[in-house]
Amino acid sequence: MNPLTLAIVAILFLALLETPLFTVIAALSIACLYLVSHDWLALQTILIEMNRLGSMPVLVALPLFTFVGCLLTETRSPQRIMNFIDALLGWLPGGLAMAALCACAFFTALTGASGVTIVALGSILYPVMRKKGYGDEFTLGLLTTSGSLGLLFPPSLPVILYGVVAQVDIGKIFKAALVPGLLLIGVLCIYAFFKQASSGRRRKVTTVGISVQRVKSTFFEAIWDWPLIGIILSGVYGGFVTIAEVSAVVLIYVVLVECFVLKEISFFSTLPSIIVESAVLSGAIIVILGVALGFTGFLVDQQIPYRILEWLTALTDSKLLFLGGLNLFLLVVGCIMDIFSAIVIVVPIMVPIALSYGVDPIHLCVIFLVNLEIGYSTPPVGINLFISSLKFEKPVTMVYRASLPYLLILLALLIVITYFPWLSLFMV
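This is a predicted model, so every value here is computed, not measured.

**Here's the deal with a nonpolar patch on the surface**
Taken together, the side chains of F219, F220, I223, W224, I252, L256, F260, V261, F267 and F268 present a nonpolar region at the surface, about 1000 Å² in accessible area. For the nonpolar patch, the secondary-structure elements that each account for two or more residues are α11 (212-221) and α13 (243-261). If one sorts the elements of the nonpolar patch by residue count, α13 sits on top with four residues. With respect to the secondary-structure elements, F220 resides in helix α11. On the accessibility criterion, F220 (53% relative accessible area) is exposed.

**Comments concerning the layout of surface pockets**
What the largest pocket holds in volume is close to 940 Å³. What lines the largest pocket is a set of 35 residues, among which F329, V333, M337, I345 and V346 lie closest to the centre. Of all the elements in the fold, those that place two or more residues in the lining of the largest pocket are α1 (3-16), α2 (21-37), α14 (271-301), α15 (304-315), α16 (319-336) and α17 (339-356). The biggest single contributor to the lining of the largest pocket is α16, with seven residues.

**Overview of the environment of A279**
Along the chain, A279 turns up in helix α14. For the pair formed by A279 and F67, sequence separation is 212 residues and the distance between their alpha carbons is 7.5 Å.

**Examining the environment of I304**
With respect to the helices, strands and loops of the structure, I304 is situated in helix α15. On the basis of relative accessible area, I304 is assigned to the partly exposed category, the value being 22%. For I304 and I349, which are 45 residues apart along the polypeptide, the C-alpha to C-alpha distance reads 7.6 Å.

**A short note on the packing of helix α8 (residues 136-146) against helix α20 (residues 396-419)**
Put simply, α8 and α20 touch, their axes get as near as 8 Å, and they point 60 degrees apart. The angle between α8 and α20 places the two elements in the oblique class. In this structure, the crossing between α8 and α20 has a hand that is right-handed. Seen from α8, the contacting residues are D136, E137, F138, L140, G141, L142, T144 and T145; seen from α20, they are M398, V399, R401, A402, S403, Y406 and L410. Across the contact of α8 with α20, the residue classes tally to eight nonpolar, four polar and three charged.

**Brief notes about the packing of aromatic side chains**
Scanning the model with the defined rule gives 14 aromatic pairs in all. Between the aromatic rings of F219 and W226, the centroid separation amounts to 5.5 Å while the plane-to-plane angle is 20 degrees, which identifies the pairing as stacked. For F219, a relative accessible area of 31% gives the class partly exposed. A ring pair is formed by F260 and F267, whose centres lie 5.3 Å apart and whose planes are at 40 degrees; its orientation type is tilted. Of the residues examined, F260 reaches a relative accessible area of 46% and is grouped as partly exposed. Taking relative accessible area as the criterion, F267 reaches 34% and is therefore assigned partly exposed.

**Description of empty space enclosed by the protein**
Tallied over the entire structure, the rule returns one cavity of 30 Å³ or more. Roughly 40 Å³ of volume is contained in the largest cavity. Taken together, L72, W224, D225, L228, Y253, V254, V257 and E258 form the lining of the largest cavity. Residues belonging to the lining of the largest cavity are distributed by class as follows: six nonpolar, no polar and two charged.

**Let's talk about the nonpolar core**
If you look at soluble globular proteins, the nonpolar side chains tend to sit buried side by side. In this structure, L142, Y162, L289, F322, V347, M350 and F368 are the most contacted members of the largest nonpolar core, which totals 145 residues. Ranked by residues supplied to this core, first place goes to helix α6 (residues 95-111) with 13 residues. In this structure, L142 is in contact with A97, A100, L101, M129 and Y406, ignoring residues within four places of it in sequence.

Cut-offs applied
- Within any chain, residue numbers begin from 1 and follow the written order of that chain's sequence.
- Totals for whole chains, interfaces and linings use all residues, but because this is a predicted model, local features are given only for residues with pLDDT of at least 70 and pairs of side-chain atoms are given and counted only at 80 or more.
- Water and hydrogen atoms play no part in the side-chain values, which are based on all heavy atoms of the structure.
- Exposure above 30% relative accessible area and no salt bridge define the residues that can form patches, which grow by joining like charges within 9 Å and nonpolar side chains of Val, Leu, Ile, Met, Phe, Trp and Tyr within 5 Å.
- Every accessible area reported is derived by Shrake-Rupley at a probe size of 1.4 Å, with residue values counting cover from the shown protein chains alone.
- The term salt bridge refers to a pairing of a side-chain nitrogen on Lys or Arg with a carboxyl oxygen on Asp or Glu at a separation within 4 Å.
- Secondary structure elements follow DSSP: runs of H or I of four or more residues count as helices, runs of E of two or more count as strands, with numbering from the N terminus.
- Categorising residues by exposure relies on relative accessible area from a 1.4 Å probe, with only protein chains included: less than 20% of the type maximum marks a residue as buried, more than 50% marks it as exposed, and the intermediate range marks it as partly exposed.
- Computed over the protein atoms alone on a 1 Å grid, cavities are sets of points where a 1.4 Å probe fits but cannot get out and pockets are open sets with protein on both sides within 12 Å along at least five of seven lines; a residue lines them when it has an atom within 4 Å of a point.
- Grid points are joined across faces, edges and corners, and a volume is the space filled by probe spheres set on the points.
- Each axis is a line fitted through C-alpha atoms, and for a helix only the stretch in contact is used; angles between axes span 0 to 180 degrees, taken between their N-to-C directions.
- Working definition: roughly parallel below 35 degrees, roughly antiparallel above 145 degrees, roughly perpendicular at 65 to 115 degrees, and oblique for all remaining angles.
- It is the rotation of the near helix from the far one that decides the hand of a crossing: anticlockwise by less than a right angle makes it left-handed, clockwise makes it right-handed.
- Residue contacts are defined here by distance: any two heavy atoms, one from each residue, within 4.5 Å place the two residues in contact.
- Here the nonpolar group is Ala, Val, Leu, Ile, Met, Phe, Trp, Tyr, Cys and Pro; Asp, Glu, Lys and Arg are the charged ones; every other residue, Gly included, is treated as polar.
- For this analysis, a ring pair means two rings from Phe, Tyr or Trp (six-membered ring only for Trp) whose centres lie within 6.5 Å, classed as stacked if their planes differ by under 30 degrees, edge-to-face if by over 60, and tilted for the remaining angles.
- Remark: nonpolar core denotes a set of buried residues (Ala, Val, Leu, Ile, Met, Phe, Trp, Tyr, Cys) joined through side-chain atoms within 4.5 Å.

By themselves, these are just geometric observations and shouldn't be taken as functional.
What follows is the structure in structure tokens.
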């Protein structure tokens, strides 16, 4: 066994022992760069890539939006948004389920982590839906799969990270992801409507007529949350400011409102701990990204993507078959890796290969994120399945069964999004 192979095996063994990801990727970068070139100067590639990363203005948005997400996790903002949607749609069959889907998507867009959504909102939504007569498996499957729906909407951290790694305009990605994201939520809402309309009488799901007074009261209860959504949407889709500027304005607004107007966050006792929490999270992502870009430099120098491309084109030159194979591969990646690790490791290899098949880079990002959304809830090892099993204290096999209808719907929509690129590109 040659030294490089031996080093890679040792590093992968460390990864299995749950060594921090940035350590694994950094060790892999150093081992590959030195053992291939036998020159310590080759390690300057890592420093060059880190310097290039630090010079990207868009990188500012990553820690700022992370801070916003951590801040809102400690508030009742998602609950207020859900109450308004429930007041608006709750009178429909499946109305509470629709409200839950929208609330989960909103919360995931802010935090960038679907597991956090299940833990934070699941404890609120699960007992409420069960109390109103929704079936156990229906509720369980909905909360498990809806935890990742918001990854396509601003200010999603995975989108920002993908844009940095793939060097694609982040504003264009958000515009391209809007319709596919709404399509996923819309079809699941339609499923909830017909599912509850057909079984509501048998299960005695309680619904009441729409109350204009309740709609008004829940709207004004969330009056300080609507400008937050307006700032994000107008800033990202309006195109007249950068994503970094949007993140700064959003952060200032959230701190002022939550600390001094609503006073849900104590400026002196709670805020400092949230700052530390968000700094640890965003710092870890940036360190991983820095060393991963060094590893990407090695892959490019050694022409690894082009070697894989040669092997793939020898198998098929069909764009349709390539996209089908890519979806299967990304679903597996989504099952076994968290989305941030997948972006920094898989994207640098995937992008040049996909471009050679004529796949639009913006459309590719949407395909990538939708696959990883679904991969989170794909048996047997999708991480959301296990988080849901632990959170709701249900057997994981029951979670598999409960998630299956939603998973089949999402997979059908993935095929539509993959093979009809105009759904993603007509706004770009």
